[in-house]
Amino acid sequence: FLGTFDAVNHPFLFEVATDVIIEALRAYDCLNALHQPVVAVIAPRVMALRPRFEQANNAGDEDDCFALCRLFCEMGEAYMPLIASTQDANQLTIIELELLCANHPARRVATLPLRFFYNLSRAWSQMPEDEGKMRLREAMIDPFLRLARCCLLQSERTEEDGSAEDFARDEHSLGDDFSRHRADLADCLGDCAFFLGYESVLKIIGERIRQILSIGIDGTPTPRRSTSPIIGGTSVINNNRSNPADALEACFFALRAVSEWVPDTESVILPETIRLLPSLESSWRSAIRAGTACVSAYTFWLRNYARELLEPVVTFLVSVLEANAAAIQRQKQKQIGPNNGRGGRIDAQGHRRLPTGPSPAARALKAVCSTCRRELARLGALDLRDRLVAAGLSHRDELELLEGLGHVISACDQFDDICRGFERLITPPAMALSTLVSRIDAPADTKLVAEELERLTSIVRCTTPSRQHFGLSPSSHDTNSATTTNVATPLTPTINTVLNNAEIANRRHPVLSFIEKLWPVFEAVAERYGDSPQLIERLCRCYKHAMRSCRTQFEPMLEQMIDHLVRHFSKTPLSSYVYASSICITEFGRDSNKHGILFEMLTKLSATVFCLFRSLDDFRQRPDVAEEYFYLTSRFLDYCPDHLVHSPLLESVLRCGIVGLALEHREAQRGILHCFERTVVVAYEAALNASQNGDPSTPDARRAAALATLLVEQQLGRLIADGVLKALTGDLPAYALDEGHGSLVGVLWRLRLFCPNDLPRWCANSLQNVPERYASNDIKSDLMVSIAEDPAVKDSFCDALLLFSARCRDLAKVLR
């Protein structure tokens, strides 16, 4: 075996030799006394390969460096119990080897040891709290500091990575390898913050920022260093590695990476960094983009510094958005060329188009509006919309801005201010939509109508005034209460004063008033554009968020909304109408006074669905409708089951679902299985409650009896079990074997609980009809033993079904 280490120096045997040593590291446990002689032989010889690694590095042999790095990392992982211990095991030598690898210029090499440092930091944290643990920490502080510097510098863009212009637009534009490496570096920076404390990592980032800007700690100019602060010798991160903009971008990236470790009381590095943002040169586009993303990550911190920093931050973000808008206007003037094959489009000069999604600056401004909503409400932030729209803000950025401003107006202290702010935001898109829909000569472009609906939805979605404004107690949905934001405000005393006034009873939610006023327009949209599923989806999304914003205060419009959804679904059966109907159940299903109208809605929708789905081919035509319909039924069973349980409708629903099990569509099958599972859950829970109560006249007892009749006496349970077993054998599609929210295994387990004596008999009869090509007699027998086991244990029951399915599929492969 010792000859293996000699073979490492042989070019033809090098790769095989490293594989052999790695297998030996994995095979011999460093804590096993019997293995100690082998460990004592391997460890020093592996560490002695450091000169071989340095030689390969100097020669530019990346493959040899990668193989040796694998060897060092495997040794570190194998000997982690010794490294993270109080005994002297030459830990620092191993850690230095890992650090040497992490500083390699090739990303595939530098990424390998990062996992080691994660495991090391966690293993150290689990050591007993004693002096030995603290001594080990003192010894490892310097390596972890150098690791943090290494990660910071490695995250900078190099000229080999790709175009600086593309990178300035989007940090993911340089490809998956760069993005994956950065994700690994971000995790490692978090590990450093975990081990060292956030202060040490922030200090390193702050020093790097000062170095980039050629400003020392004392304010005097400082030249950029050419020697590595990580490992002695020439730095792999030299002055040619990146420009100042990309170097600053890396610092902002590192700040985002450690944001979860930084408290909202940090007062040294973050204030200095945030104050730097408005002074960045306009040509440093990558740094500006990363700076806006950094603001998004630290809005929780900004709230505590709102008095001094909020206004400069908002000004900075607005200026970035204006610059983006100007760039978009310039881009529109260029001729757009064909797709360049990388997910974007390029113009005639080869310049990439700006991303179609919201910009980091827009996302940051929305995050600031959401977190610092109360402070911005007092600063008159609504003027931002007019200013930015006039500048030519992109549609996606405008949606982000509208959502943010919705948060701001919801946080106003006075209800009248909320209404005025909402009216100011909602009026432009509402009038534009009304104008588009009222065209008599020809329908307006669906894209324009969809954009106005998206604007309305963005405003409605985030306009959620505190329930206290309506004389209601705060709830978990009240995102603007002082309890939720943990910010002391004068809201409560102001409202309490108003609550004494009788006018509170007449207050209407501003979103409800808006829906009522614009209802004829919504009706016209559904009538004129019913043949556009994408536009109807946006319309129903607006309904969804209107109901969620108003919650129970949407009651005056509920009947009208239900009639609208049912009527248009019967004309144009689109899944969006069904989903919007399920929101009605979510918001009003707990109110027993609304169960009747909700069941009537379900009945009418079901009539249309049953007309649509008369055969499996019909399911294939509209799988999205099937998916949403069965989720709708499941939601009804969750919120108000009694009307459905005691109705013949449930039998029709289940029979329809049994036919749909043969549909080759993942999401539709999950919807069907979820409906089956919820039906049996309702039955089992009702039976359990009834047995504990002992009174056969209780609602639970009647519910359990009705479902027992349906599933057992009318044989629906047998048909469901038969369909599920066919799917497990491969005779029918099987997409959701064992997942949440509806699965094949989950349905059978629920049936096992509710029908413990019937399920084994049903399965035995079903398996007799399963051909040999799907399941042999041995496979069937093994399954039946597990199904009939009493008492049933969920894990073993589910594992047996999964094993049965796997064996059936393996058999099918053999017989092909």
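What about the side chain of Arg289?
For Arg289, the position within the fold is in helix 16 (residues 285-297). Residue classification places Arg289 among the buried positions, given a relative accessible area of 7%.

Observations regarding the confidence of the model for the protein chain
On average, the protein chain scores 85 in pLDDT, and the residues at 70 or more come to 88%. When pLDDT is averaged over each element of the protein chain, helix 30 (residues 575-588) comes out on top at 97 and helix 25 (residues 482-485) at the bottom at 36. The low-confidence segment residues 215-241, where pLDDT is below 50, has 49 contacts with residues more than four positions distant or belonging to other chains. pLDDT under 50 marks residues 335-354. Its contacts with residues more than four places away, or in other chains, come to 40 contacts.

Considerations on helix 16
With 13 residues, helix 16 ought to run about 18 Å at 1.5 Å a step, and its terminal C-alpha atoms sit 19 Å apart, in line with that. Burial within helix 16 is extensive, with 10 of its 13 residues counted as buried. Buried residues of helix 16: Ser286, Ala287, Ile288, Arg289, Ala290, Gly291, Thr292, Ala293, Cys294 and Val295, and no others.

A word on the packing of helix 5 (residues 62-78) against helix 7 (residues 91-102)
Here helix 5 crosses helix 7 at 140°, and the two axes come no closer than 10 Å. Between helix 5 and helix 7, the interaxial angle falls into the category oblique. For the crossing formed where helix 5 meets helix 7, the hand is left-handed. Counted together, Cys69, Phe72, Cys73, Met75 and Gly76 of helix 5 and Ile94, Leu97, Glu98 and Cys101 of helix 7 form the full contact between these two elements. Classifying every residue of the contact of helix 5 with helix 7 by side-chain character gives seven nonpolar, one polar and one charged.

Focus on the environment of Cys30
Tracing the backbone shows Cys30 in the loop between helix 2 (14-27) and helix 3 (36-47). By relative accessible area, which is 1% here, Cys30 ends up buried. Considered as a pair, Cys30 and Ala43 are 13 residues apart in the sequence and their alpha carbons are 9.9 Å apart. Apart from the residues lying within four places of it in its own chain, the contact partners of Cys30 are Gln36, Val39, Ala78, Tyr79, Pro81 and Leu82.

Focus on the environment of Glu156
Structurally, Glu156 is set in the loop between helix 10 (131-154) and helix 11 (164-169). For the pair formed by Glu156 and Asp246, sequence separation is 90 residues and the distance between their alpha carbons is 6.2 Å. Reaching out from Glu156, the side chain makes a polar contact with the side chain of Arg208 at a distance of 2.5 Å.

What counts, and where the lines are drawn
Residues numbered from 1 in each chain as written. Predicted model: local features only at pLDDT ≥ 70, side-chain atom pairs only at ≥ 80, totals over all residues. Heavy atoms only, no water. Helix = DSSP H or I, 4+ residues; strand = E, 2+ residues; numbered from the N terminus. Buried < 20%, exposed > 50% of the residue type's maximum accessible area, 1.4 Å probe, protein only. pLDDT = per-residue confidence, 0-100. Contact = heavy atoms within 4.5 Å. Expected span 1.5 Å × (residues − 1). Axes fitted to C-alpha atoms, helices over the stretch in contact; angles between N-to-C directions. Parallel < 35°, antiparallel > 145°, perpendicular 65-115°, else oblique. Left-handed = near helix turned anticlockwise from the far one by under 90°. Nonpolar A, V, L, I, M, F, W, Y, C, P; charged D, E, K, R; others polar. Polar contact = N/O pair within 3.5 Å; in protein donor to acceptor, adjacent residues only side chain to side chain.

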